[in-house]
4 protein chains.
Amino acid sequence: MSGNTFGKIFAVTNWGESHGKALGSVIDGCPPGIELSEKDIQVELDRRKPGQSKVSTARNESDNVEILSGVFEGKTTGTPISIIIRNKDQKSKDYSEISKIYRPGHADYTYQMKYGIRDYKGGGRSSARTTVGTVAAGAIAKKVLKEKAGIEIISYVEQIKDIVAEIDFNVVTPADVEKNIVRCPDEKTAKKMENLITETQKQGDSVGGTVVCVIKNVPVGLGEPVFDKLSSDLARAMININAAKGFELGRGFRVATLYGSEMNDCFFLEDGKISTESNNSGGMLGGISNGMNIHFRVPFKPTPTIHKEMKTINIKGEEIKFTAKGRHDPCVIPRAVPIVDAFAAIVTLDHYLRYLIYKR
Amino acid sequence: MSGNTFGKIFAVTNWGESHGKALGSVIDGCPPGIELSEKDIQVELDRRKPGQSKVSTARNESDNVEILSGVFEGKTTGTPISIIIRNKDQKSKDYSEISKIYRPGHADYTYQMKYGIRDYKGGGRSSARTTVGTVAAGAIAKKVLKEKAGIEIISYVEQIKDIVAEIDFNVVTPADVEKNIVRCPDEKTAKKMENLITETQKQGDSVGGTVVCVIKNVPVGLGEPVFDKLSSDLARAMININAAKGFELGRGFRVATLYGSEMNDCFFLEDGKISTESNNSGGMLGGISNGMNIHFRVPFKPTPTIHKEMKTINIKGEEIKFTAKGRHDPCVIPRAVPIVDAFAAIVTLDHYLRYLIYKR
Amino acid sequence: MSGNTFGKIFAVTNWGESHGKALGSVIDGCPPGIELSEKDIQVELDRRKPGQSKVSTARNESDNVEILSGVFEGKTTGTPISIIIRNKDQKSKDYSEISKIYRPGHADYTYQMKYGIRDYKGGGRSSARTTVGTVAAGAIAKKVLKEKAGIEIISYVEQIKDIVAEIDFNVVTPADVEKNIVRCPDEKTAKKMENLITETQKQGDSVGGTVVCVIKNVPVGLGEPVFDKLSSDLARAMININAAKGFELGRGFRVATLYGSEMNDCFFLEDGKISTESNNSGGMLGGISNGMNIHFRVPFKPTPTIHKEMKTINIKGEEIKFTAKGRHDPCVIPRAVPIVDAFAAIVTLDHYLRYLIYKR
Amino acid sequence: MSGNTFGKIFAVTNWGESHGKALGSVIDGCPPGIELSEKDIQVELDRRKPGQSKVSTARNESDNVEILSGVFEGKTTGTPISIIIRNKDQKSKDYSEISKIYRPGHADYTYQMKYGIRDYKGGGRSSARTTVGTVAAGAIAKKVLKEKAGIEIISYVEQIKDIVAEIDFNVVTPADVEKNIVRCPDEKTAKKMENLITETQKQGDSVGGTVVCVIKNVPVGLGEPVFDKLSSDLARAMININAAKGFELGRGFRVATLYGSEMNDCFFLEDGKISTESNNSGGMLGGISNGMNIHFRVPFKPTPTIHKEMKTINIKGEEIKFTAKGRHDPCVIPRAVPIVDAFAAIVTLDHYLRYLIYKR
C-alpha cells in the first residue's frame, strides 16, 4: 500500500536512503534449491555502482552486498532473502544549503509536502541510490530465470541526446553491452556518445538518452489479463526507475502512424514452430507473451543536478537562485542499464512463477 | 493475482466476455455518502459504446447499465458497488471459422496456449468490449474526484496516422472534446482525420493514433514512492488498454534529447503559490504530483481486424490465408478516449484516497 | 483494502445487501477446463437458503444462481466467473422503526458510525445473507479441490447450547450430515437439538452452538510461513462468518492444559506412509499441512434478533426499549454448516494453487 | 503471496532464520513525524528475549536492535523502517543428529516436504525466534497508536496448565503484568504457575497455557466488512504465532451455550456516551469496533522440545527413537505475551490507518 514492495509471487521490498546507514531489500518468493552466493549479486551491483568509469559520478561506493537470510549451505530455501548494502561514503558533505531549498527537477518539494519531513541528504529516499536493493533482487531473478526457464534479459543504451545507434536488438549479447563504458553495443556510436558526455560534463550540464531491453526465450503464456498484463507490469516497472519518462513496447509510438495491414504480425511456421513474420507488437498479444522476443524502449531525462544557475524556491517560500556544487553525474543512462535489466527480470520471473500454476 | 482487479483502496474487479450474457465490475472502496445513479454512469458508457458514429463499428449495443448494490436511497454506502451491462447483440454471427484459427494481431493464440481453452466469440475476454465495466467504474471515480477534490480529467485524440493536431492541453474543455465524432478538439484537423478514417474504411483497412490526457487540480503529494508512483500506476493503467503500445509522461521520449538545463522545471511564485515555469516533467517529481497539470500521451495501434488477406495458422498448426468478414472498426481511437479517462480517474482516485491517510 | 475480496490466487469478491436488487460474487483465478454449471452451485445454495426447514427462518428465497461469465461451452476458461442471485422476497416489510434505532447485537451502530450512512433493510451489508456469494464460490472451490486433488471437506453441527454430540470427525460422510435438519450426524443427539430449538423458538429466544470441520486428503505442504499459514488463513476465514466468535485447531484450547509429552503427535509409518499416532495439532505443523486430517471447531453466538424486550439506543442517542417483530431464526447453526464448508474450500484451494508453484 | 508480509497499510515484512546471520523486518507505512529510537524498540525485545528469567530458555541473546532506515534526525519519515537484530549465540551446537530426523511437534517434516530443503539449525525459519522482527514492528505500532489515538494494548498470562487466574481484564495495567516473571497479574496464582513450570522443567517436560489481550480506547469504526473484519484479522494474527492453537473473541466458545437474551450486549448511555451493559461480543459488532474494550484469549501448546524419549521418523523414512538434548524452554507462555501485544498492535494500527480514510 505504501509502495515499497514490487511483485506478487516474487516480491521485492526495498528500503534505505541515499545517505542512511545502509540500503537493501527483502526478496520473498524466490524458488528453493537455487545455488546463490554474494558473488552472483555483486556482479550486477558493480555494473550499477557510482564511480565505475569516467562518464559517471565520482561518489566512491564499493557497494558490497551481504546476504543475511534465506540461503542455507549455498542454496535458497524458499524463505525471504534479506540483502544489505552498507553505505560508506556518507559523511563529509555539507547539506545545510540543500536542507533549506527545493531543487528544480528533484523530489525535495513533493516529499516535503507529502510527508511534512524529508531526509535531504543526497535526496534521501528519492535518490536513485535506492535502486541498489532492486538491482540485487534483479540479479537473483535473472539467475533463476536462466536456470529454471532459459530466459535471458539484455539491455543497452541506444541513444544519448541526438546520437542514436542503429542496432538489431535480436543479436546483441551481454558481452557486447559491456564492451564500452557507455554500454552501447555499437562501438563507433559509443565513442561519439562518450565524447558528448565528456563535453557536457565540462559545461556543467547533463544529457538524457534511451535504453532498449530485449527478453528472449519467454514461453507463450506469461501475463494475466486484463489488468496484470505482462506489458503493463513492464511499463509500471520501467516508469518506476528514477528519471524514466516513458515506455514503448515493440514499435511503440510509431504504431500510431501505421495501417492495420502494416501493423499485424502474421503467423507462419518456422522450423515447425509457430512464429510471426514481423514483431511490431513487441512479443505480446493481449498482454500475454507470444513466444517472440519481447522488446521495449525507455527514455531517461538528463539528471537535474547541474552546475548552472537555476531559479527556485526555498523552504520559506521565497524565490532564490541556486547552483549545485560538488560531484555530478553528467549522464546516468549507462548506469540505468543494469536497473532496467533488474526490473525486467523481476517482472518476468514474477509472471513466470504465476504461469506455473496453469501448467499443472 | 489473476489480474482482474485494479486499484488498492478504490479497487475495480472487472468481469465478462464480449459475447457472454453480461459484463460488469465490482467497485470496492468508493467513499460513502456520494449521490450516485445509473445516469451518472450511462453518460460515459455512451461515449464508449459501439455504433455511436460513422467512424466506429456497426455493432448495435445500447449498453444499459444497472447498479445492483452499494447504493441506498440514492447515495453510496461504502460497500461494494456492483455494475452490470447485459449483452443484447450477441446471437447471429457464425463463429465456426474463427474458432479454428489464430487471427493475426489478436490474442486468440496466446489465450489458447495459456489456458488450453478460449471463448472465441468476438474475442471473448480479450475483447476491448470488456472495458465497459472499467468505464463504468471510471465514471464513478470521476464524479468522486470532482466532488471531493475538484480534480478534473480530460482526454482527447491528438493524432490519427500522420495527421497531428496542435493543441494546448492546458485549455481543452470536455465540451471541446465532444464537439466532433473524432474527439479531436481542433475542428479543422478533426475533419481531416474523419476523412482519413472514412477513406481507410473503404479500403478495408484500419488506422492508429494517439490520445492525450490531462489531469487538473491535483494536490501536491499523490503517489507512493518507490514502486507505486503515480506515474508508474498511470503507465500500468494505460498499457492495460487494448491496443495501447506506449506511454509518455510530460515531454516523454523527447527528454532523451535534452540537456539538464533545458529539462529542469524551475520553481517560481505565481500569485503566491509555488509553481513551475515549464512542465516538462508532466506534473510529477519523484513520481509524486507537484500540483501542476499532469499530462501524458498514449499511442494506439490500428485494430487488427481488416478486410485484407493475411497469412496465419489454424488450430491444427497449418499455414492458411485469412480475410476477416462482417463489421469492422476502422479506427478505435475516438472510442479509446473515455477509456483513457476512466483509467486515469481510477488511478487518481486510488492515490487520492491513500493520500488522505497522510493528511490526518 | 476495503475488505470485500478474499483469497490471493483463488480470489472471491463478494457484493450485495440483504434487501438490495441482488447479491453475488466474482471468482477470479479458477483453473480453466473445469466442467461447471449452475447446478453445481445451486446444491450448496439450497443448503444455506432460508426457509429450508422448520428450524430456520421463514424468509422465502429460492436463491436461484446465474453464472454470467467465465464459463464457455460448459467449462471454466480461467477468466473471472461472475455469479448473481436476485432477491425476490424483499418488498413488503416496514423498516421505519428499525431505521431509527441501533439493535443490540447487530451491526447497525458500528456501520452508522463508520460510514455515516447504512442500508437498514434487513441489516443491509452486515446481514448473513451476504454469504450467498461466498457459498457459491465455495461450491466451485469444493468441486475443483475434489477433481484436481481429491480433497474433501465435511462440516457438521457438534453442539447446540448444552447438547454436545460425541462424533468421530474422521468417519463422518456428507450424507451423514444431511440426514437431519440440524446437520448433526448423531441422530439421537440431533433429535434433542431439534426439540431444544423448537422450544427456544416458542419462547421467542435463540440459541448458539458449534460447527466442526474436517478437511481430508490434503497433501503435505499447503501453507505459507510465516504470516499466511494455512492455520491462520482458516482462522481468519472462520471468524469472518457472521456470529462466529472463535476458532480452535486440533485440540485447540485444551492444549493449554497439556504437557508437551501429551501434546506431541509422534511420527510413525502406516502402510509405508509417514503418519502421526495422534492428531492433536489438527493436521498442521508450523502452519503447513502435514498430510493428516485437518480439523477445527467454530462457536457461533445465538442470533441477536429475539422476541424479548431489550434496552437500546435510538439514532437521536436516547435510551429506549425494543422488541423485534416478524420472522426470526431461532438457531442459525445448521445453516452455518455450508458457509463453513465454503470458506474452508476457498482457503484450501487458494493454498493448493499456491502450492503448485513449488511442485514444478 | 509467499506469506512474509503482514498488514496492508502498516505492512511488516519479516525475514531471518533462528541461527542465520541476523533477523529483522521492514516496516512500510509508518506515519511520518513520529519520534523513534532504538530504545523504543529494545524494551519490547527485552521482554521477548531468551534467558530473561529462570522460567525461560537458557539461550543467551542480547537481541540488540539497529534501525537502518526510515528515521531521520530522530523522526520517522514515512519511508520504510528497516530493523536488524544480529545473532550472536549461533555457533557451537552440533546439529548432525537433528539434520537427519523429523522432530515430533516441530515443522521439520512439513518444511522439508514443501521446499525440498530446510535450514535445520534451531528450526530455521520455523523457529519462534523469527518473531523478533515482528515484536520490533509491534513496538513501533504500539507507540504510534498511543501517540496518535490514545489506544493501549495489554496482554498477560491467564492460565498455565490447570492453574487459571481470576483477573478482570478491564483493570490490568502494563506494570501489573511485569511484576512477576510469569507475566500473570495475580501474584498468588503467578507463584503457583512459577512452581509448576520449575517442577515441569525438572521432569524434562513442558506446559501450555493461555494469554489474554485487551485493547483499550479504540474508536468506533475500525474493521472492514465483510472479509477484513478487525476480528478476523486479529484471529489470523494470533494463530500465526508459533504454538498458538486457537482464538476466542469476547466470551468466545462460551457463546455456544447461551440464549440470545443472555448474549446480546444491550446499549445504554454512560455519562452521555453510547456504551453496552455487558461486553460478551469482545468490543465488536459486525467485525467493526464498537468503542468498548476489545478482548480475546489465545491458547498455546507446550513446546515440543522435551527431554523425554519420543518415537519419530528419520529422513530415510525409518522409525526411530529420539530424545532432545541441550537447552529447553519448559514454558513459552510468558514470552508469548509481548508477541501477542505486537501482533495486536500491528493489526490495530493497520485498521486505524484505513479508518482515517473514512474520517475525511
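In the block above lies the structure referred to throughout.
Predicted, not measured: the structure shown is a model, and the values here were computed from it.

*Asks:* Honestly, the packing of helix H8 (residues 333-358) of chain A against helix H8 (residues 333-358) of chain C in this entry has me stumped. Any pointers?
*Replies:* The description of two packed helices rests on the angle between their axes and on the distance between the axes. It is the contact of H8(A) with H8(C), at a shortest axis distance of 8 Å, that shows an interaxial angle of 110°. What the angle tells us is that H8(A) and H8(C) run roughly perpendicular. Like other packed secondary-structure pairs, H8(A) and H8(C) cross with a definite hand, here right-handed. Where H8(A) approaches H8(C), its residues Leu353(A), Leu356(A) and Ile357(A) are matched on the opposing element by Leu353(C), Leu356(C) and Ile357(C). Of the residues contributing to the contact of H8(A) with H8(C), the split by class is six nonpolar, no polar and no charged.

*Asks:* Which parts of the structure should I look at to understand the sheet that holds strand E7 (residues 81-86) of chain D?
*Replies:* Each strand in a sheet pairs with its neighbour through backbone hydrogen bonds, running either in the same direction (parallel) or in the opposite one (antiparallel). All names here are of chain D. Pairing is antiparallel in the open sheet, where five strands are placed in the order E1-E2-E3-E7-E4. Every other strand in the sheet has two partners, leaving strand E1 (5-6) and strand E4 (65-67) as the edge strands with one partner each. Pairing geometry for strand E3 (residues 22-28) and E7, over six bridges, is antiparallel. In the strand pairing of E7, Val-26 is matched with Ser-82. Strands in contact with helix H1 (residues 38-48) are E4 and E7; relative to E4, the strand with the most contacts, it is inclined by about 150°.

*Asks:* What exactly am I supposed to notice about the relation of the copies chain A and chain D here?
*Replies:* Each of the two chain copies can be generated from the other by rotation about an axis followed by a shift along it. When chain A is fitted onto chain D, the two copies agree to an RMSD of 0.0 Å after a turn of 180° and an axial shift of 0.0 Å. Each copy turns onto its partner about a two-fold axis. Interface residue correspondence from chain A to chain D reaches 100%, placing this contact among same-surface, isologous pairings.

*Asks:* I'm lost on the interface of chain A and chain D in this one. Help?
*Replies:* By convention, interface size is frequently given as the accessible area that disappears when the constituent parts associate. In this complex, chain A contributes 35 residues to the contact, which on the side of chain D involves 36 residues. Within the residue set of the side of chain A that touches chain D, elements represented by two or more residues are strand E2 (11-16) and strand E3 (22-28) of chain A. Here the side of chain A that touches chain D is composed, by residue class, of twelve nonpolar, 15 polar and eight charged.

*Asks:* Is there a simple way to explain the interface of chain C and chain D in this structure?
*Replies:* The partner chain D presents 90 residues to the 90 residues of chain C that form the contact. Split into classes, the residues belonging to the side of chain C that touches chain D amount to 39 nonpolar, 31 polar and 20 charged. As judged from the three bridges shared by strand E12 (residues 246-249) of chain C and strand E12 (residues 246-249) of chain D, these two strands associate in the antiparallel manner. Of the residues in E12(D), the one forming a bridge with Glu248(C) is Gly246(D).

About the thresholds
- Residues numbered from 1 in each chain as written.
- Chains lettered and ligands numbered in written order.
- Predicted model: local features only at pLDDT ≥ 70, side-chain atom pairs only at ≥ 80, totals over all residues.
- Axes fitted to C-alpha atoms, helices over the stretch in contact; angles between N-to-C directions.
- Helix = DSSP H or I, 4+ residues; strand = E, 2+ residues; numbered from the N terminus.
- Parallel < 35°, antiparallel > 145°, perpendicular 65-115°, else oblique.
- Left-handed = near helix turned anticlockwise from the far one by under 90°.
- Contact = placed C-beta atoms within 7 Å.
- Nonpolar A, V, L, I, M, F, W, Y, C, P; charged D, E, K, R; others polar.
- Pairing = 2+ DSSP bridges.
- Least-squares fit on C-alpha atoms with pLDDT ≥ 70 in both.

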